[in-house]
Amino acid sequence: IFGGLKVPPGGVPWQASVQVRSKNSNQPFRHICGGVLISSCWILTAGHCIEGIRDMQVVLGAQALDYDEPTQQILRVEDIIVHENFRETPSAVYNDIALLRLSGNNGVCATETQFVKTACLPNGELPDGTECQISGWGMTETAQFGSSNLLRADVLLINQEKCSEPIVYGSVLDNSMLCAGYLQGGVDSCQGDSGGPLTCVQNGSKVIYGVVSWGDECGKKNKPGVYTRIPQFVDWIKSKTRAVFP
Ligand code: 4AZ
């Protein structure tokens, strides 16, 4: 996150760290992407996060990734579902969404606490200019390999036509994507934040409106972050999870 602030414990309780097995024995798993807890057994993340990866775990309730915290819950990933129309080209990533099913018993995987809670799915679109929040352990202005503390920042939803102007992203955007941030630059998501949440308030509750997907570098003028447009995928999410969302 560029232009972010440290998140206090429990500040983003649906934030997940998606991790893969590494060869380093001191730290058997390493963070590759963010994720979002949407029900006890399901994590929403980006499709590009899990290309060719098998051995994964998810950490919930974490603030610092460099040591174990009493608030954290570690869960194994039992199943990975990448969107059937996920597609990566040199200029954009389309339908960049995936679901991770966590291991558990009788439909109980993550346990709800002050530090671990689900985010709601959105109900339709929000207006341009809505203030939303992004978070993650990705790169910052000064931390090239990511931040060990969870950071967050406020960003604005950017009009799709504006974001499709030639000086911004041109014609590569489609309706599986949305832009958020500031055209003047500075505040943005970055590498390592991918798959993590962009949440906004809708009808008085925080909803998962976007998932960090791609962008032309980070924090650059006229190059805002591009997010998977979650309102377009609510039916897909419901059909794959067969969960009952309130
Ligand atoms: C990346 O490389 C990436 N500024 C993620 C988000 C953004 C740029 C790059 C958005 O994963």
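Worth saying up front: this structure is predicted, and the values here are computed from it rather than measured.

Undergrad: Report on the overall build of the protein chain, specifying residues and quantitative values.
TA: Each helix and strand counted, the protein chain has 2 helices and 15 strands in total. Its C-alpha radius of gyration of 17 Å places the protein chain within 12% of the 18 Å reference for a compact globule of 246 residues. Structurally, the protein chain occupies a C-alpha span of about 50 × 40 × 35 Å along its principal axes. Across the 246 residues that make up the protein chain, the buried fraction comes to 46%.

Undergrad: Account for the environment of Phe2, with residues named and values stated.
TA: Position of Phe2 among the secondary structure elements: in the segment before β1 (5–6). Residue Phe2 is classed as buried on the basis of its C-beta count, with 24 C-beta atoms lying within 10 Å. As a C-alpha pair, Phe2 and Arg21 span 19 residues in sequence and 27 Å in three-dimensional space. When neighbours within four sequence positions are excluded, Phe2 is seen to be in contact with Thr140, Glu141, Gly186, Val187, Asp188, Cys190, Cys218 and Gly219.

Undergrad: I'd like a description of the sheet that holds strand β6 (residues 73–82), backed by residues and values.
TA: Pairing within the closed barrel is antiparallel, and its 6 strands lie in the order β2-β3-β4-β9-β6-β5. Strand after strand, the sheet turns through a mean of 45 degrees between neighbouring axes, direction not considered. Pairing of strand β4 (residues 42–45) with strand β9 (residues 98–102), which is carried by 4 bridges, proceeds in the antiparallel orientation. Note on β9: the bridge partner recorded for Ile43 is Leu100. Across the sheet, helix α2 (residues 234–241) lies against β3 (29–39), β4, β6 and β9, angled at about 30 degrees from β9, the strand it touches most.

Undergrad: Give a detailed account of the site of the ligand, specifying residues and quantitative values.
TA: By nearness alone, every residue bordering the ligand is listed as Asp188, Ser189, Cys190, Gln191, Asp193, Ser194, Val212, Trp214, Gly215, Cys218 and Gly225. Classifying every residue of the shell around the ligand gives 4 nonpolar, 5 polar and 2 charged.

Undergrad: Report on the environment of Gly11, specifying residues and quantitative values.
TA: Structurally, the position occupied by Gly11 is in the loop between β1 and β2 (15–21). Distance from Gly11 to Gly61, taken between C-alpha atoms, is 9.6 Å for residues 50 residues apart in sequence.

Undergrad: Pulling in residues and values, what's your account of the pairing of β3?
TA: As judged from the 7 bridges shared by β2 and β3, these two strands associate in the antiparallel manner. When the sheet's bridge partners are listed, Gln15 is paired in β3 with Val36. Pairing of β3 with β4 involves 3 bridges; the strand directions are antiparallel. Bridging across to β4, Val36 finds its partner in Leu44. The turn linking β3 back onto β4 is made up of 2 residues.

Undergrad: So what about the nonpolar core? Which residues, and what values?
TA: Counting residues in hydrophobic clusters, the biggest one holds 70 residues, and the most contacted among them are Val36, Leu37, Ile43, Val58, Leu102, Ala180 and Ile208. For this core, the element with the highest residue contribution is strand β14 (residues 205–214), accounting for 6 residues. Beyond its immediate sequence surroundings of up to four residues, Val58 is in contact with Ala16, Ser17, Val18, Gly35, Ile43, Leu75, Val77, Leu100 and Leu102.

Undergrad: Which residues make up the confidence of the model for the protein chain, and what are the values?
TA: Of the residues in the protein chain, 98% reach a pLDDT of 70 or more, and the chain-wide mean stands at 96. For this predicted complex, the interface score ipTM comes out at 0.97, while the overall pTM is 0.96.

Undergrad: Summarise the pairing of strand β11 (residues 151–158); cite the residues concerned and give the values.
TA: Of all the 8 residues making up β11, 6 are buried; the element is thus mostly covered by neighbouring parts of the structure. As paired elements, strand β10 (residues 131–136) and β11 share 6 bridges and run antiparallel to each other. Within β11, the residue paired with Ser135 across the bridge is Arg152. The pairing of β11 with strand β12 (residues 177–181) spans 3 bridges and is classified as antiparallel. In the strand pairing of β12, Ile158 is matched with Cys179.

Undergrad: With reference to specific residues and values, describe unusual backbone geometry.
TA: Negative phi characterises most residues that are not glycine, and trans characterises most peptide bonds. A positive phi angle, near 50 degrees, is found at Asn203, a position not held by glycine. Mapping Asn203 onto the fold places it in the loop between β13 (197–202) and β14. A tally of 9 C-beta atoms within 10 Å means that Asn203 is categorised as exposed. With a phi angle near 65 degrees, Asn222 is a residue other than glycine that sits in the positive phi range. Structurally, the position occupied by Asn222 is in the loop between β14 and β15 (225–229). Overall, Asn222 belongs to the partly exposed group, with 13 C-beta atoms counted inside 10 Å.

About the cut-offs
Residues numbered from 1 in each chain as written. Predicted model: local features only at pLDDT ≥ 70, side-chain atom pairs only at ≥ 80, totals over all residues. Helix = DSSP H or I, 4+ residues; strand = E, 2+ residues; numbered from the N terminus. Rg over C-alpha atoms; globule rule 2.2 N^0.38 Å. Buried ≥ 20, exposed ≤ 12 C-beta atoms within 10 Å, placed from the backbone. Contact = placed C-beta atoms within 7 Å. Pairing = 2+ DSSP bridges. Axes fitted to C-alpha atoms, helices over the stretch in contact; angles between N-to-C directions. Near = placed C-beta within 6 Å. Nonpolar A, V, L, I, M, F, W, Y, C, P; charged D, E, K, R; others polar. Core = buried A, V, L, I, M, F, W, Y, C linked by C-beta atoms within 7 Å. pLDDT = per-residue confidence, 0-100.

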